[in-house]
Amino acid sequence: MEHTVNKNIEKFVPYLERPTGKWYLWMGVLFVIFLMGVYVLINQIVEGQVITGMRDYVFWGIYKVNFVIFLGFSYAGTLIGAGIHFFKIRWGHPISRLAEFINIIFLIIGPFFILFCMGRLDRLHYLFIYPRIQSPITWDVIAVVTDLIFGLVYIFITFIKDFARLRDMENLKIANWRKKIYRIFAFNYHDTPEQQKLLRQATNILGAILIPISIIAYSLLAWIFGMTIRPVWHSSIFAPLFVLTAAYSGIAMLIVVAFFYRKIYKLEDYITPKHFSNLGYVLLYLGLFYAYFTFSQYFTDWYNISKASQALYSKLFTFSEYGFMFWSAIGMSIIIPLIVTGIPKLHSIKSITLVSGLIIVGTWVKQYLLVVPTLETPFLPIQDPMQEWVKYTATLKEWVLIIAGFAAILMLFSIVSKLVPAIPFECTCEEEKNNH
Amino acid sequence: MKKYNIINCLSSKLPFLLAFLFFFTTLQGFAQDAEEEETETEENSVYKTTMRLSYIKRGDDTKMLLANLTYKIDKDKYNLSGFEVAFTMMQNDEKIDLGTAFTNENGDAFVYISPDYQLFADTFFVDFNAKFAGNDTLKRASKSATIYNSRITTDFIEEDSLRFVKVKVIGVTEETGDTVDIEEAAVMILVKRLHSEFLVGEEELSGGRANIEFPFDLPGDSIGNLIVTARIEDHELYGTIESTQIIQWGTPVSYNVEDLPPTLWTDEAPAWMLITFWIIIFGVWIHFFWAIVKVVKLSKLGKVHQKL
């Protein structure tokens, strides 16, 4: 191999080698939380969905909200990662790997949450045995599976160079099986000009197709709502709004992930304040569009004279019902982020990260408000239903599964960060060149 | 010296003291004015109300008394809704209660007089009255109307490939009660549509008669029926009088819209959807295999490089 392992690469070596006691402790805590989730899931399969707050009216609850939000993060990760490679955004290279982590990890965990919503998991395979092309559910299943395969292959292709370098690091103290994995997935890469060209072509081809795939896949998810005759949902703006929400909350997630990676793996040389400031400006522009789309969505539907829509808006704006959640979501996802990202003097790593955290929470709450109040207010209500059937409140067991999902996400981030460096080695080499 | 200083000081501050006193007294004056104005407002808080009374004689000989109650603030007029209006009539010097009704959101209250009740059996006019008793904030209001007996009849005829609605209207005179043809009143021919009435034509009565041409192309119900009304509105002696009839002069329209076939719920997806689906799938996966081919080539080149 022509290149030599530079000093910057060596910085990552301790993180890739044998895990520390702290790492095992951290993983142990996460695993316990994850096991609690598994227990609740088994409980739900045995007892049925009666252990959740979901009933005849509200058949989707926080599981669905998490599903939508997680897939949003994933598609945004694809868009950002592939976009940085395809459009050759040089300043974004150090964070492209993190975007790819977000893409794959959230795409692996996210779909589980839609399975938790299903009353008859034993019939899941019917989706594949008897697919109906005219059903948005089928579109979504195909889109998620396609995106997962493409995302995995894409991430492996972007790892090839780093796997080759790791394969060639003779002083790397790792298990033999890991060395074998690096050798296999390095695909005999030796950084020759021909191989560089082929690798660039493969990355560009997949990157180019992954961008529309992400947009289509998230639109298909939006159409699961949009193709249903329900207040607010049956709207042509739903798919673009979903894609925009994914990009917006995905950038916010990238900032939060970058903040913690920067702290934990001491990546201050690569993930600089400039990255946070630039991503802050991206948040500002996306936030303005998000505000415009949100206003347009609600304002258009507000003029709908149907009784169900009127009842829904009454619930959303009444503080004794969903008013507090609604205005909190608007504050967290629109007003505060626009103020902080719009005033350059307020830009700092902490402020941008804090605002990103608020955006994630705000978009989660807004997604909850898109799902639950609408299901509670159908066009054709059931006659004289029990109040418990109408009103949805998530149970403790549902929250345990949600937290277990986040624990699984953190576990995967921790594992994947042990296998590959969080910053592409290419960036570290550039850094080395710049230093010289 | 000290005394001088105080006087000197006071004299220098005098203009300010005077100005302060002036403002203070002026403010007091303003306060008094405000109090007076408030009292006036309290006195003016009894609003003047206005009532209009209409008599409507329907085609089926039903009579309706309609009272409209409004009040004014400055120059703006507002409907009074939810207030009770009492209706009475004087017939042969006898006062008869017709009942009470509450005004709706348009400020209208109305009572019906059954077609069986012979309103003009012993007399050729009737005095109607509508009264609103008022309350603490709204002044009382009443309105009377004297209505004379009248009758309107319509004939639908076809002449020389044309259609006409012939209207004849007679009424009693104010002075003697003799029956005469009504003159100088506009009669309208209206056809009932979904939310309102369509004006087919309007003509002034001459010798108590009007002859209004009727079009051929009005959409009717499934067998072409139209609901046609001849009406004189708000006549000073006879009120609103009208005659309504159903005539098969419209073009038949079928309002039974057949349900669209639920295409997406059939066993087979529509062709356009299948074609779009396969184009997208093919387009996407061809890129995938193209990228894989590049990686395989890359791997093969690596093997060659290793051998060298």
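All values reported here derive from a predicted model rather than from experimental measurement. (Residues numbered from 1 in each chain as written. Chains lettered and ligands numbered in written order. Predicted model: local features only at pLDDT ≥ 70, side-chain atom pairs only at ≥ 80, totals over all residues.)

1. Some remarks on the overall build of chain A
- Within chain A, the regular secondary structure consists of 16 helices and zero strands.
- For 436 residues, the compact-globule formula gives about 22 Å, and the C-alpha radius of gyration of chain A, at 23 Å, lands near that figure.
- Buried residues in chain A amount to 42% of all 436 residues.
- Long-range contacts, defined as pairs at least 24 residues apart, comprise 83% of the intrachain contacts of chain A with a sequence gap of at least 6. (Helix = DSSP H or I, 4+ residues; strand = E, 2+ residues; numbered from the N terminus. Rg over C-alpha atoms; globule rule 2.2 N^0.38 Å. Buried ≥ 20, exposed ≤ 12 C-beta atoms within 10 Å, placed from the backbone. Contact = placed C-beta atoms within 7 Å.)

2. A few points about the domain arrangement of chain B
Residues and elements named next belong to chain B.
- Under the domain assignment, chain B is made up of domain 1 (49–148) and domain 2 (150–247).
- Inter-centroid distance (C-alpha atoms) of domain 1 to domain 2 is 25 Å.
- The partner domain 2 presents 16 residues to the nine residues of domain 1 that form the contact.
- Looking at the side of domain 1 that touches domain 2, the elements that each hand over two or more residues are strand 1 (49–57) and strand 8 (141–148). (Domains from an automatic or database assignment.)

3. Focus: the domain arrangement of chain A
All names here are of chain A.
- For chain A, the domain assignment lists domain 1 (1–227 + 404–436) and domain 2 (259–380).
- Computed from C-alpha atoms alone, the centre-to-centre distance between domain 1 and domain 2 is 24 Å.
- At the interface, 19 residues of domain 1 touch 17 residues of domain 2.
- Of all the secondary-structure elements, those providing two or more residues to the side of domain 1 that touches domain 2 are helix 3 (62–86), helix 4 (93–117) and helix 16 (425–435).
- Broken down by element, the side of domain 1 that touches domain 2 gets its largest block of residues, five residues, from helix 3.

4. Topic: unusual backbone geometry
- With a phi angle near 50°, Lys266 of chain A is a residue other than glycine that sits in the positive phi range.
- Turning to its location among the elements, Lys266 of chain A is positioned in the loop between helix 9 (238–264) and helix 10 (273–302).
- Positive phi, close to 50°, is recorded for Asp160 of chain B, a residue that is not glycine.

5. Quick word on the interface of chain A and chain B
- Contacts between chain A and chain B engage 20 residues on the former and 20 residues on the latter.
- Those elements giving two or more residues to the side of chain A that touches chain B turn out to be helix 6 (136–168) and helix 8 (193–226) of chain A.
- Considering each element in turn, the side of chain A that touches chain B owes the most residues, 10 residues, to helix 8 of chain A.
- Of the residues assigned to the side of chain A that touches chain B, the class counts are 12 nonpolar, seven polar and one charged. (Nonpolar A, V, L, I, M, F, W, Y, C, P; charged D, E, K, R; others polar.)

6. Some remarks on the sheet that holds strand 8 of chain B
Residue and element names in this part refer to chain B.
- Spatial ordering of the open sheet is given by 5-4-7-8, a layout of four strands whose pairing is antiparallel. At either margin of the open sheet sits one strand with a lone partner, and together these are strand 5 (94–102) and strand 8. Looking at each pair of strands side by side, their axes are set apart by 20° on average, direction ignored.
- Relative to strand 5, strand 4 (residues 84–91) runs antiparallel, the two sharing eight bridges. Looking at strand 5, one finds that Phe87 is bridged to Gly99. (Pairing = 2+ DSSP bridges. Axes fitted to C-alpha atoms, helices over the stretch in contact; angles between N-to-C directions.)

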